[in-house]
Amino acid sequence: MQPTADFRSDTVTRPDEAMRAAMASAEVGDAVFDECPTSKRLEAFAAEILNKEAALFFPTGTQSNLAGLMAHCGRGDEYIVGQMAHTYRNEGGGAAVLGSIQPQPLPNETDGTIALEAIAAAIKPDDFHNAVTRLLTLENTFNGLALPDGYLEDATDLARARGLATHLDGARLMNAAVESGRDPAWIADRFDTVSLCLSKGLGAPVGSVLAGPGQLIEKARRIRKMLGGGMRQSGILAAAGIHALEHNVTRLREDHERAARLAEILSRFPELGAGKAQTNMVFMSPRKADAGEFVSFLADRGIAVGGGYGTLRWVTHLDVDDDSIDRVESACSEFFENERNQ
C-alpha cells in the first residue's frame, strides 16, 4: 500500500500538474546524437546556475558521480572520500568495480567534514609502490548537514595545493545553498566537477547533471555511453529538470522548516532519541522504544519512515505538507499512550 505520508526519502516525490505539462509539451530529439533541444537547454541552464563551462544530463546520480570520478581518475588511480559518503558506501562500489579506481576512505567527523590533517596524510607519496592520489571527493549536504563555508574553502585549497582535482557529490547541493544562504555557484566554484540531483528535493522524476570544465564533460559524455547512460528522446525528462530548477529551489526552505517542526515534535518523546533538524532530515536512534514496533505502528497509519545503520531517518519534501506533520504528532502521542497503558 502506498503510504499517504511518506518520509522515507525525498526521492519519492511525484511530478505535479505543472511539471507534467512541461514534460508533455517538451520538444525532443535524439540526445545521443546531441539533437535533443530540451536536454541541451537543461544542460546549459545547469551549467549557468553552477557557473561551469558545461553540464551533462544523466539518468541517475550514481551514474553522474561515477562518470565524474572516471573522468578524473584512470585505472589504478585513487580518490579520497568519506567513510560514510554515498559515493563510497551506497553506489555499489562502482568506482572500484567499473572504474578500477581505488577508494581511500577516511572517517567523517560529526559535522560531515573530513579532517584536513587526515586528507593531507592520506595523499600518497610519488612512489611506484603506491596508487596515485588524484581526487578529493566531498558530499554536500552530508546526512542533511550543510558543510561549513570555511571548510569547503580549506579542503579544496588543500587539495589543489597538493595537485588533486576536486569533485562534489552535490545530490542535495540546493538544500545546502538554501540553508547556508549561499548562491549554488559559490559552492560549486570550490570544485572542478559537481553532480547535482534533480530527483530528490527538487521533485523531478528522474535525473542528475554533472557540471564542470568543457573538456572533462566531453570525457564524461564518452563514459556515460560506456556505462549505458546514453538516452534518446530524453527531453521529456529534461523538461521536468528545467521545471524543477526554475520552480522548486527556493521552496526547499519550506522542507527545512517542516523538518524543524518535526524534530521538535519527536523531541517531546525522549524514548525516540531524535536529533535536531538538519536541512530536510531528522535522525533518531530509539533508546527506550522498540524501533521495529514503532515503524510498524506508523505504517499501519499510512506513515512511512526510513531506516539504516541503526537509526531512523525522516525526510521532508514537496509531497510532505503540514497535515503530514500533524499526523506524525498524533501517531506518536497514540503510540506512547498505548505503551503507558500496557
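Described below are features of the structure shown in this document. (Residues numbered from 1 in each chain as written. Predicted model: local features only at pLDDT ≥ 70, side-chain atom pairs only at ≥ 80, totals over all residues. Heavy atoms only, no water.)

1. Some remarks on unusual backbone geometry
Applicable threshold: Each helix is a run of DSSP H or I of at least 4 residues and each strand a run of E of at least 2, with the numbering of both proceeding from the N terminus.
Following Asn 140, the chain continues to Thr 141 via a peptide bond in cis, the omega torsion being 5°. Along the polypeptide, Thr 141 turns up in the loop between β5 (132-139) and α7 (149-161). Positive phi values are uncommon outside glycine, yet Asp 34 reaches one of about 60°. Mapping Asp 34 onto the fold places it in the loop between α1 (17-24) and α2 (37-50).

2. Notes on the nonpolar core
Here is the rule we go by: In this text, buried Ala, Val, Leu, Ile, Met, Phe, Trp, Tyr and Cys residues form a nonpolar core when linked through side-chain atoms within 4.5 Å. Relative accessibility decides the category of a residue: with a 1.4 Å probe and only protein chains considered, values under 20% of the type maximum give buried, values over 50% give exposed, and everything between is partly exposed. We call two residues contacting when some pair of their heavy atoms lies within 4.5 Å.
Within the largest apolar cluster, 49 residues are counted, with the highest numbers of intra-cluster contacts made by Leu 42, Ile 80, Ile 119, Leu 138, Ile 187, Leu 198 and Leu 202. Filtering out sequence-adjacent residues up to four positions away, Ile 80 remains in contact with Gln 104, Leu 106, Ile 119, Ala 122, Ile 123, Thr 133, Leu 135, Leu 136, Thr 137 and Leu 164. Ranked by size, the runner-up nonpolar core spans 26 residues in total, among them Leu 266, Phe 269, Leu 272 and Phe 335.

3. Considerations on the pattern of salt bridges
This is how the line gets drawn: A pair is scored as a salt bridge if a Lys or Arg side-chain nitrogen falls within 4 Å of a carboxyl oxygen belonging to Asp or Glu.
Per the counting criterion, the structure on display carries 16 salt bridges. The residue Arg 8 makes a salt bridge to Asp 6 at a minimum N-O spacing of 2.6 Å. With a closest N to O distance of 3.2 Å, Arg 232 and Asp 30 form a salt bridge. Here Arg 232, found in the loop between α10 (214-226) and α11 (235-247), pairs with Asp 30, found in the loop between α1 and α2; they are 202 residues apart in sequence, far enough to count as distant. Via salt bridges that share partners, Arg 261, Glu 264, Arg 268, Asp 326 and Glu 329 belong to a single interconnected network.

4. Remarks on the side chain of Asn 175
Secondary-structure assignment places Asn 175 in helix α8 (residues 173-180). Under the relative-accessibility criterion, Asn 175 is labelled buried at 3%.

5. Examining helix α12 (residues 252-267)
Note the following rule: Under the convention used throughout, the expected extent of a helix is 1.5 Å for every residue step, that is, one less than its residue count.
Its 16 residues give α12 an end-to-end C-alpha distance of 23 Å, which sits within 8% of 22 Å, the value for a rise of 1.5 Å per residue. Every buried residue of α12 is listed here: Leu 252, Asp 255, His 256, Arg 258, Ala 259, Leu 262, Ala 263, Ile 265 and Leu 266.

6. Notes on the packing of aromatic side chains
For the record, the criterion: The pairing test for Phe, Tyr and Trp rings, Trp by its six-membered ring, is centres within 6.5 Å, and the orientation test on the planes gives stacked under 30 degrees, edge-to-face over 60, and tilted for anything in between.
On inspection of all chains with the given rule, the structure shows five aromatic pairs. Measuring from ring centre to ring centre gives 5.1 Å for Phe 269 and Phe 336, while their planes differ by 10°; the resulting arrangement is stacked. One end of the pair, Phe 269, is in the loop between α12 and β9 (281-284); the other, Phe 336, is in helix α14 (residues 322-341), with 67 residues separating them in the sequence. Both rings, one in Phe 294 and one in Phe 335, keep their centres 5.2 Å apart while their planes meet at 70°; by these two values the pair is edge-to-face. Of this pair, Phe 294 sits in helix α13 (residues 291-299) while Phe 335 is found in helix α14, placing the two residues 41 residues apart along the sequence. No difference in accessibility class separates Phe 294 from Phe 335, as the two residues are buried. Cluster of aromatic residues (ring-pair linked, three or more members): Phe 269, Phe 294, Phe 297, Phe 335 and Phe 336.

7. With respect to the environment of Glu 153
Position of Glu 153 among the secondary structure elements: in helix α7. Residues Glu 153 and Asp 189 lie 36 residues apart in sequence; the distance between their C-alpha atoms is 9.7 Å.

8. Remarks on the sheet that holds strand β2 (residues 54-58)
Going by this rule: For two strands to count as paired, DSSP must find a minimum of two bridges between them. Axis geometry follows a simple rule: fit a line to the C-alpha atoms, using only the stretch in contact for helices, then measure angles between N-to-C directions, giving values from 0 to 180 degrees.
Here we have seven strands laid out as an open sheet, ordered β2-β8-β7-β6-β5-β3-β4, and mixed in their pairing. At either margin of the open sheet sits one strand with a lone partner, and together these are β2 and β4 (102-106). Within this sheet the neighbouring strands show an average axis-to-axis angle of 20°, counted without direction. With four bridges joining them, strand β6 (residues 165-170) and strand β7 (residues 193-197) adopt parallel strand pairing. Looking at the pairing, Asp 169 lines up with Ser 195 of β7. α2 contacts β2, β7 and β8 (208-212) of the sheet and is inclined by roughly 130° relative to β2.

9. Thoughts on the packing of α2 against α11
The line we're drawing: To sort the angles, those under 35 degrees are grouped as roughly parallel, those over 145 as roughly antiparallel, those from 65 to 115 as roughly perpendicular, and the leftovers as oblique. In this scheme, a crossing is called left-handed if the near helix is turned counterclockwise away from the far one by less than a right angle; it is called right-handed if the turn is clockwise. Three classes are used: nonpolar for Ala, Val, Leu, Ile, Met, Phe, Trp, Tyr, Cys and Pro, charged for Asp, Glu, Lys and Arg, and polar for all others, with Gly counted as polar.
Closest axis-to-axis distance for the α2/α11 pair is 8 Å, and the angle between their directions is 30°. In terms of orientation, α2 and α11 fall into the roughly parallel class. For the pair α2 and α11, the crossing hand works out as left-handed. On the side of α2, the interface is formed by Thr 38, Ser 39, Arg 41, Leu 42, Phe 45 and Ile 49, while α11 contributes Gly 235, Ala 238, Ala 239, Gly 241, Ile 242, Leu 245 and Glu 246. Considered class by class, the residues forming the contact of α2 with α11 number seven nonpolar, four polar and two charged.

10. Notes on the environment of Gln 215
Here Gln 215 is to be found in helix α10. Using a relative accessible area of 72% as the deciding quantity, one classes Gln 215 as exposed. For the pair Gln 215 and Ile 303, spaced 88 residues apart in sequence, the C-alpha to C-alpha distance is 46 Å.

11. So, the packing of α1 against α11
The contact between α1 and α11 brings their axes to 8 Å, and the two run at 140°. Compared by their axis directions, α1 and α11 come out oblique. In the packing of α1 onto α11, the handedness of the crossing is right-handed. Contacts between α1 and α11 involve Ala 18, Met 19, Ala 22 and Met 23 on the former and, on the latter, Ile 236, Leu 237, Ala 239, Ala 240, His 243 and Ala 244. Residues that form the contact of α1 with α11 fall into these classes: nine nonpolar, one polar and no charged.

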